[in-house]
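Inside the fold
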Amino acid sequence: MSQTASPVPPPGLTIGEGVVISPDARIHPSVRGTRIEIGEYSEIYDFVCIRAVGGNGDIKIGAHCYINPGCVLYSGNGITLGEYVLLAPGVMLIPTNHAFSRRDIPIRHQGFLPSKNGIVIEDDVWIGANSVVLDGSHIHRGAIIAAGSVVRGEVPAYEIWGGVPAEKIRDRA
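Bear in mind that the values here come from a model prediction, so they are computed numbers and not experimental data.

Some points on the sheet that holds strand E6 (residues 49-51)
Here we have 6 strands laid out as an open sheet, ordered E3-E6-E9-E12-E15-E18, and parallel in their pairing. For this open sheet the edge positions go to strand E3 (26-28) and strand E18 (150-151), each flanked by a neighbour on one side alone. As paired elements, strand E15 (residues 132-134) and E18 share 2 bridges and run parallel to each other. Paired with valine 133 across the two strands is valine 151, which belongs to E18.

Have a look at this one:
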């Protein structure tokens, strides 16, 4: 992996000191003013897609985060990652939902449902491979999400959750 090639990021993209971004990662800055911030010493691996789409929320990645290969982060209604957050391969953070109530209009043309306040993931959280975190989710400090889980709603601090939908498995020891 190498550091980002561009010494001056495009408007709306802020990259902290010591950030490492794979040349195979894709970061798509907003055309509507959404901000993407990557905290110092975070690492973004191969085939990660960070894209400002589907809402007006910003993406804020804290310091010392690891975003492993194949993760997808859509801005939607906003994503906030604390410090030392670990996203295993294939994690998807999707803080938006398509509107679909009308049958006479394709879903693609119906816009989006109101925000459920985006996604907040506090410090020292580990999210297992191929998990999906939905709009309105708040994962508190030190929680762990098991691989393949679908998270919606609140996950208390230092608990381990898993399943579809995710539910408490046990407390962290």
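There's more to say after this.
Remarks on a nonpolar patch on the surface
Taken together, the side chains of Tyr66, Leu86 and Trp126 define a hydrophobic patch exposed on the protein surface, amounting to about 280 Å² of accessible area. Along the chain, the position of tryptophan 126 falls in strand E14 (residues 126-127).

Side note on the sheet that holds strand E1 (residues 13-15)
The parallel open sheet is built from 7 strands, whose spatial order is E1-E4-E7-E10-E13-E16-E19. Each having just a single partner strand, E1 and strand E19 (154-155) make up the two edges of the open sheet. In this sheet, strand E13 (residues 119-121) lies alongside strand E10 (residues 79-81) in parallel orientation, the contact comprising 3 bridges. Pairing of isoleucine 79 across the sheet is with isoleucine 119, part of E13.

Focus: unusual backbone geometry
The omega torsion of the bond from valine 164 to proline 165 falls at -10°, within 30 degrees of zero and hence cis. As for its placement among the helices and strands, proline 165 is situated in the loop between strand E20 (159-162) and strand E21 (167-171). Residues other than glycine seldom take positive phi values, yet tyrosine 41 does so here, at roughly 60°. Inspection of the secondary structure assignment puts tyrosine 41 in the loop between strand E4 (36-38) and strand E5 (43-44). Residue tyrosine 41 is classed as partly exposed on the basis of its relative accessible area of 35%. You will see that asparagine 130, though not glycine, has its phi angle at about 60°, which is positive.

Topic: the pairing of E20
Burial of E20 is two-sided: the residues Glu159 and Trp161 facing one way and the residues Ile160 and Gly162 facing the other way are all buried. Relative to E20, strand E17 (residues 144-145) runs parallel, the two being bridged by 2 bridges. For isoleucine 144, the partnering residue across the bridge sits in E20 and is isoleucine 160. Taken together, the 4 bridges between E20 and E21 define a ladder with antiparallel strand orientation. Of the residues in E21, the one forming a bridge with glutamate 159 is aspartate 171. Turn length for the E20-E21 hairpin, with the two strands adjacent in sequence and antiparallel, is 4 residues, and the turn residue glycine 163 shows positive phi of about 110°.

With respect to the packing of aromatic side chains
Summed over the entire model, instances satisfying the criterion amount to 1 aromatic pair. Considering the side-chain rings of tyrosine 45 and tyrosine 66, the 6.3 Å spacing of their centres and the 20° angle between planes classify their relative orientation as stacked. Taken as a pair, tyrosine 45 in the loop between E5 and E6 and tyrosine 66 in strand E8 (residues 66-67) lie far apart in primary sequence, 21 residues in all.

Thoughts on the side chain of serine 75
Counting through the fold element by element, serine 75 comes out in the loop between strand E9 (72-74) and E10. Given the relative accessible area of 0%, serine 75 is considered buried.

A word on the pattern of salt bridges
Under the definition given, this model contains 7 salt bridges. For arginine 35, the salt bridge goes to aspartate 58, with nearest N and O atoms at 3.1 Å. Here arginine 35 is found in the loop between E3 and E4, whereas its partner aspartate 58 is found in the loop between E6 and strand E7 (59-61), with 23 residues between them in sequence. Residue classification places arginine 35 among the partly exposed residues on the basis of a relative accessible area of 37%.

What counts as what
- Residues numbered from 1 in each chain as written.
- Predicted model: local features only at pLDDT ≥ 70, side-chain atom pairs only at ≥ 80, totals over all residues.
- Heavy atoms only, no water.
- Pairing = 2+ DSSP bridges.
- Helix = DSSP H or I, 4+ residues; strand = E, 2+ residues; numbered from the N terminus.
- Patch = residues over 30% accessible without salt bridge, like charges linked within 9 Å, V, L, I, M, F, W, Y side chains within 5 Å.
- Areas by Shrake-Rupley, 256 points an atom, 1.4 Å probe, with all protein chains shown as cover.
- Salt bridge = Lys/Arg side-chain N within 4 Å of Asp/Glu carboxyl O.
- Buried < 20%, exposed > 50% of the residue type's maximum accessible area, 1.4 Å probe, protein only.
- Phe/Tyr/Trp six-rings, centres within 6.5 Å; stacked < 30°, edge-to-face > 60°.

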